[in-house]
Amino acid sequence: MQESEATDYFNEEQISRISSAFDLKHVETADDFLIFDTLDTGIRRRDIAIPQDVAIEILKALERGAERMEEYEGWVDHTIGFAEFAIHINTIGALTKGRNDKFTFETRPCRHPHEASPPHEVFGDHLYPIWRVTSADGSTCIEISRNSPLSTPLLPLLLENRQSRAQSTLKVFSTPTHDKSELEHRSVQLANSFLFELNARNKTPYLLRIRQQPPLRPRRMQEISYSVRFPKTQVPERVAALFSIASDLRRGSYTTSVLSFYQILEYYLPAAHRREAVRKVRKLVRSLDFDEEKDSSILKILSSVERSHGASEGEQLRTLIEECVPEEKMREFFALDHGVYFGKRGPISGVPTIQPNSGESLASQVAKRVYALRNRIVHAKDDARYTETSVLLPTSHEARHLYPDMELIRMLAIEVIVDNR
Ligand SMILES: [Zn+2]
């Protein structure tokens, strides 16, 4: 960057680089500040100011190739071997100066440009803890300290004199590299280990900030009825509560919705299961060759009951869908344009695809997919026998894409509620 550009104003290209790096919309440049609006839709807008000197440092870092991380709020600046994570601390464990200064730190000589030394630094009116540890060979330091310009707190403008406060961030200083993703991966691992030990050994529960990204929502897929009627559907209270929890998308992720709709299905599993068992027995009793004097006839009933008794949750779910959801409803749903979502190239891994024309009934395919998805959200087990059971976290990339599955399970829940009213 040339000196002249760094004085009063930034050129448009520089401003747009900052805007897109932070997902902000530039409004004006005034009083040594770049003023931005957030791009959030729905949530209240707020003005954000970045001081010019901070903006200069941010531009330098962006020019070096610094990039925001995918999963966490933070930056990787690989050409200088640096990663920075936004963190927050559970207030119960918040540090007082007295408590902070009791800690000792495993530091060693290193080559990084650390601005201050443990245990704390006074900056402005505030005291910031400086926690730093160094690896045995001196190549890597992990540090909690005042944020760098890249992690400038995006605070609203209303602060007096537009003085932005600093925040504590976690930094990993290592060696410059070409491999950005390797550095990010290693930094995440070090940060997680360090924070785990701070929590477990030192009772200081700092947490990494997850990068909040709005869940993706394609255009409304199903038709909406515009006629409002006096209600005919009786809904058990527990089911009504689950349905409203599932419909509350303010939680920022579809996993809660998927699970709550699933719990509605679960609520009706025993009833559907009993209904099916009764129907099968009735069919046997009514069959022409049924003879109550013959052991073989009685045994047929017995084994039918035993089979239904041993049904797994996955099988029970298929029964529920077969019993309560018309095949036609599912055909309609899958006839909507879902793109590649339910196919092999869909964004959700570890769940069976849906092939409407494969010959297998839709009820069976849907039951398998919904059950596998539910397991991925609920189970954290890492078992090689079940490749599909890698856990699907609410904060993950995949969770943002769950909308069509959520709509599918919602449709199933509605049909099941209506069928059992
Ligand atoms: Zn260092």
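See the structure above.
Before going into details, it helps to say that this report is about the structure given with it.

## Thoughts on the pairing of strand β7 (residues 120-123)
Consideration 1: Bridge analysis of β7 against strand β8 (residues 126-129) gives 4 bridges, and the strand direction is antiparallel. Within β8, the position partnered with E121 by the bridge is Y128.

## Examining the nonpolar core
Consideration 1: Grouped together as the largest cluster of nonpolar side chains are 37 residues, with contacts concentrated most on L265, I321, I409 and V416.
Consideration 2: Among the elements of the structure, α5 (237-246), α6 (254-286), α8 (313-324), α9 (327-335), α10 (362-378) and α11 (403-419) are those that each provide at least two residues to this core.
Consideration 3: If you tally residues by element for this core, the top one is α6, at 8 residues.
Consideration 4: With residues up to four places along the chain from it excluded, the contact list for I321 reads A363, V366, A367 and L412.

## Quick notes on α6
Consideration 1: The terminal C-alpha atoms of α6, which comprises 33 residues, lie 47 Å apart, in line with the 48 Å expected from a rise of 1.5 Å per residue.
Consideration 2: Among the residues of α6, Y254, T255, S257, V258, S260, F261, Y262, I264, L265, Y268 and A272 are the ones counted as buried.
Consideration 3: In this structure, the buried residues of α6 make contact with α5, α8, α10 and α11.

## Considerations on the sheet that holds strand β2 (residues 33-38)
Backbone hydrogen bonds are what pair the strands of a sheet, in a parallel or an antiparallel way.
Consideration 1: Sheet architecture is open: 3 strands sit in the order β1-β2-β3, paired in antiparallel fashion. Both edges of this open sheet fall to β1 (24-30) and β3 (47-51), since each of them pairs with a single strand only. Neighbour-to-neighbour, the strand axes of the sheet open up by a mean angle of 30 degrees, direction not taken into account.
Consideration 2: Pairing geometry for β1 and β2, over 6 bridges, is antiparallel. Each bridged residue has a counterpart across the sheet, and for H26 the counterpart in β2 is F36.
Consideration 3: Docked against the sheet, helix α1 (residues 12-22) engages β1 and β2, running at close to 140 degrees with respect to β1.
Consideration 4: In the packing of helix α2 (residues 52-64) onto the sheet, contacts are made with β2 and β3, and the angle to β3 comes to roughly 75 degrees.

## Digging into unusual backbone geometry
Consideration 1: Looking along the chain, the bond that leaves P118 and enters P119 is cis, with omega of 5 degrees.
Consideration 2: Tracing the chain through its elements places P119 in the loop between α3 (97-100) and β7.
Consideration 3: The backbone of D23 shows a phi angle near 55 degrees, a positive value even though the residue is not glycine.
Consideration 4: Since 13 C-beta atoms lie within 10 Å of it, D23 is described here as partly exposed.
Consideration 5: One non-glycine residue, K203, lies in the positive phi region at around 50 degrees.
Consideration 6: Relative to the elements of secondary structure, K203 occurs in the loop between α4 (180-200) and β12 (206-208).

## Some details on the packing of α8 against α10
Consideration 1: Interaxial distance between α8 and α10 falls to 9 Å at its minimum, and their mutual angle equals 135 degrees. The angle between α8 and α10 places the two elements in the oblique class. With respect to the hand of their crossing, α8 and α10 are arranged in right-handed fashion. Between α8 and α10, the contacting residues are E313, G314, L317, R318, I321 and E322 on the first element and A363, S364, V366, A367, K368, V370 and Y371 on the second.
Consideration 2: Of the residues belonging to the contact of α8 with α10, the class tally is 7 nonpolar, 2 polar and 4 charged.

Definitions and cut-offs
Residues numbered from 1 in each chain as written. Predicted model: local features only at pLDDT ≥ 70, side-chain atom pairs only at ≥ 80, totals over all residues. Pairing = 2+ DSSP bridges. Helix = DSSP H or I, 4+ residues; strand = E, 2+ residues; numbered from the N terminus. Core = buried A, V, L, I, M, F, W, Y, C linked by C-beta atoms within 7 Å. Buried ≥ 20, exposed ≤ 12 C-beta atoms within 10 Å, placed from the backbone. Contact = placed C-beta atoms within 7 Å. Expected span 1.5 Å × (residues − 1). Axes fitted to C-alpha atoms, helices over the stretch in contact; angles between N-to-C directions. Parallel < 35°, antiparallel > 145°, perpendicular 65-115°, else oblique. Left-handed = near helix turned anticlockwise from the far one by under 90°. Nonpolar A, V, L, I, M, F, W, Y, C, P; charged D, E, K, R; others polar.

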